[in-house]
Amino acid sequence: MEMKKVVVAGGGVLGSQIAFQAAFCGCDVTIWLRSQGSIGRTQPKIDSLKKSYTEAIEEMATGGEWCRGIADAGQPFDKAAALDRLDKAAAGLKLELDMAAAVKDADIIIESVAENVEDKIAFYKALAPLMDEKTILVTNSSTLLPSTFAKFTGRADKYLSLHFANAIWKNNTAEVMAQAETAPSSFDAVVAFANQIRMVALPVLKEKSGYLLNSMLVPFLLSGLDLYVNGVSDPQSIDKAWTLGTGAPRGPFQIFDVVGVQTAYNIVLQYQKVPGLFSPLLKKMMLPYNFKGMEKVLKQMLDSGKTGKAAGEGFYKY
């Protein structure tokens, strides 16, 4: 059965992308936000996403880079139909401050609030009495385990993780990870939903902080940041060492700017708080890292408004 009403809690970089992709695929989508100020920060992200999708559709129509989240490769591409879906998605996406109104009759709620244990627990406690019986609840957390929060949701059997990569219209993966109390039917329903919104569902068969992608990505990002805060080199040179040396499209600081400096800051804090975030071998390798220095540099950037590409400046200016 298709999920028709989708609610995304949080309008950050990934929250806004998840909502927009679901709307593009025909879902009735609402983004729940905490405050009027959140609306002012989220709407520009929605407008920017419409522009990004438009550019991608135009490029696909002329034989350029293919975006699997927009259309199947190797099939005739209907540019007009894609643009029509895009217009409907942008026009139909709703922003809501009233939590009860936002989640009423939801088939699935995707939690995408800040990567902070206390914030997530507070959200789940407020949400639990408001959900319909049918609603499946998932977290898009990039590092935290769903078992940490299951008891606060009021529906552990319908609660699990669904983690997306950035730029999901191009990088269309969705990692699906259950916790001990997740019902198999809920897991299967979330896999089906991921496929419904044109993602490639990747089952994670064992609960793991960082899932598949971030278990590989986060150590790489922290390694780059450690080089910078210890004065070994500058962000531009560190990025070039990676991109020119490996052929990768982005270095660690370019990635930080895309996902947001706040996300980087939260990960650095979380690493210091959660003992089991990485494997014992990886943790041993990272012990010499200057995490206090990372925290200080990132906090200074946040305080000065250099929060990443969406704000016009992070480690780079845009």
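To keep things clear, this report deals only with the structure shown in the data block.

What counts, and where the lines are drawn
Residues numbered from 1 in each chain as written. Predicted model: local features only at pLDDT ≥ 70, side-chain atom pairs only at ≥ 80, totals over all residues. Heavy atoms only, no water. Helix = DSSP H or I, 4+ residues; strand = E, 2+ residues; numbered from the N terminus. Rg over C-alpha atoms; globule rule 2.2 N^0.38 Å. Buried < 20%, exposed > 50% of the residue type's maximum accessible area, 1.4 Å probe, protein only. Areas by Shrake-Rupley, 256 points an atom, 1.4 Å probe, with all protein chains shown as cover. Core = buried A, V, L, I, M, F, W, Y, C linked by side-chain atoms within 4.5 Å. Contact = heavy atoms within 4.5 Å. Phe/Tyr/Trp six-rings, centres within 6.5 Å; stacked < 30°, edge-to-face > 60°. Pairing = 2+ DSSP bridges. Axes fitted to C-alpha atoms, helices over the stretch in contact; angles between N-to-C directions. Parallel < 35°, antiparallel > 145°, perpendicular 65-115°, else oblique. Left-handed = near helix turned anticlockwise from the far one by under 90°. Nonpolar A, V, L, I, M, F, W, Y, C, P; charged D, E, K, R; others polar. Expected span 1.5 Å × (residues − 1). Arc of directions from axis to C-beta. Polar contact = N/O pair within 3.5 Å; in protein donor to acceptor, adjacent residues only side chain to side chain. Salt bridge = Lys/Arg side-chain N within 4 Å of Asp/Glu carboxyl O.

1. Structural notes on the overall build of the chain
Then, number 1: When helices and strands are tallied, the chain shows 13 helices and 8 strands.
Then, number 2: For 318 residues, the compact-globule formula gives about 20 Å, and the C-alpha radius of gyration of the chain, at 19 Å, lands near that figure.
Then, number 3: Seen through its C-alpha atoms, the chain measures out along the principal axes to roughly 50 × 50 × 40 Å.
Then, number 4: For the chain, buried positions account for 50% of its 318 residues.
Then, number 5: Carbon and sulfur atoms provide 56% of the accessible area of the chain, an area that totals close to 14600 Å².

2. So, the nonpolar core
Then, number 1: Residues Val6, Ile70, Leu162, Phe164 and Phe193 are the most contacted members of the largest nonpolar core, which totals 47 residues.
Then, number 2: The contact partners of Ile70, leaving out residues within four places of it in the chain, are Phe24, Tyr53, Ala56, Ile57, Met60, Phe77, Arg85, Trp169 and Arg198.
Then, number 3: Ranked by size, the runner-up nonpolar core spans 25 residues in total, among them Val261, Ala264, Tyr271 and Phe315.

3. Remarks on the side chain of Lys158
Then, number 1: Along the chain, the position of Lys158 falls in the loop between helix 6 (150-153) and strand 6 (159-164).
Then, number 2: For Lys158, a relative accessible area of 17% gives the class buried.
Then, number 3: Apart from residues no more than four positions distant in its own chain, Lys158 is found in contact with Glu133, Lys134, Thr135, Ile136, Leu137 and Ser186.

4. Some details on the packing of aromatic side chains
The geometry of an aromatic ring pair is captured by the separation of the ring centres together with the interplanar angle, meaning the angle of the planes.
Then, number 1: The full count for this structure, using the stated rule, is 15 aromatic pairs.
Then, number 2: For the pair Tyr124 and Tyr159, a centre-to-centre distance of 5.4 Å together with 75 degrees between the ring planes defines the contact as edge-to-face. Highlighted residues: Tyr124 in helix 5 (residues 117-127) and Tyr159 in strand 6, separated in sequence by 35 residues. Pair check on accessibility: Tyr124 and Tyr159 agree, each one buried.
Then, number 3: Among the aromatic residues, those joined into a cluster by ring pairs are Trp32, Phe123, Tyr124, Phe149 and Tyr159.

5. Examining the sheet that holds strand 3 (residues 94-96)
Backbone hydrogen bonds hold the strands of a sheet together, and the pairing may be parallel or antiparallel.
Then, number 1: Spatially, 3-2-1-4-5-6-7-8 is the arrangement adopted by the 8 strands of the open sheet, whose pairing is mixed. A strand with exactly one partner marks an edge of an open sheet, and here the two such strands are strand 3 and strand 8 (200-204). Averaged over all pairs of adjacent strands, the angle between their axes in this sheet comes to 25 degrees, without regard to strand direction.
Then, number 2: Bridging between strand 4 (residues 108-111) and strand 5 (residues 136-139) involves 4 bridges; their strand directions are parallel. By the bridge assignment, Glu111 is partnered in strand 5 with Thr139.
Then, number 3: Strand contacts of helix 1 (residues 13-24): strand 1 (5-9), strand 2 (28-32), strand 4 and strand 6, with the helix running at about 165 degrees to strand 2, the strand carrying the most contacts.

6. Some remarks on the packing of helix 8 (residues 213-229) against helix 10 (residues 252-259)
Then, number 1: Contact pair helix 8 / helix 10: the axes reach a minimum separation of 9 Å and the direction vectors enclose 110 degrees. Looking at the two axes, helix 8 sits roughly perpendicular to helix 10. Regarding helix 8 and helix 10, the two cross each other, and that crossing is left-handed. Residues Leu217, Phe220, Leu221, Gly224, Leu225 and Tyr228 of helix 8 touch helix 10, and the partners they reach there are Pro252, Phe253, Ile255 and Phe256.
Then, number 2: Split by residue class, the contact of helix 8 with helix 10 holds 9 nonpolar, 1 polar and no charged.

7. A closer look at helix 3 (residues 79-92)
Then, number 1: Between its first and last C-alpha atoms helix 3 spans 20 Å; for 14 residues at 1.5 Å apiece the expected length is 20 Å, and the two agree.
Then, number 2: Those residues of helix 3 lying buried are Ala82, Leu86 and Ala89. Projected onto a plane normal to the axis of helix 3, the buried residues spread over an arc of 65 degrees and lie on a single side. Those residues of helix 3 that are exposed and angled more than 90 degrees off the buried face are Ala80, Lys88 and Ala91.
Then, number 3: Where helix 3 is buried, its residues touch helix 1 and helix 2 (36-61).
Then, number 4: Of the residues that open helix 3, the one with a side-chain oxygen 3.3 Å from the backbone nitrogen of Ala80 is Asp78.

8. A look at the pairing of strand 1
Then, number 1: For strand 1, the tally of buried residues reaches 5 of 5 residues, placing the bulk of the element in the interior.
Then, number 2: Taken together, the 5 bridges between strand 1 and strand 2 define a ladder with parallel strand orientation. Residue pairing in the sheet places Val8 in a bridge with Ile31 of strand 2.

9. Points about the pattern of salt bridges
Then, number 1: Going through the model one piece at a time under the given rule, you end up with 14 salt bridges.
Then, number 2: Its salt-bridge partner being Lys50, residue Asp87 comes within 3.4 Å of it at the nearest N-O pair. With Asp87 in helix 3 and Lys50 in helix 2, the pair connects residues that are 37 residues apart, well separated along the chain.
Then, number 3: The exposure class of Asp87 is partly exposed, given its relative accessible area of 40%.
Then, number 4: A salt bridge links Arg198 to Asp72; its shortest N-O distance comes to 2.6 Å. With Arg198 in the loop between helix 7 (184-196) and strand 8 and Asp72 in the loop between helix 2 and helix 3, the pair connects residues that are 126 residues apart, well separated along the chain.

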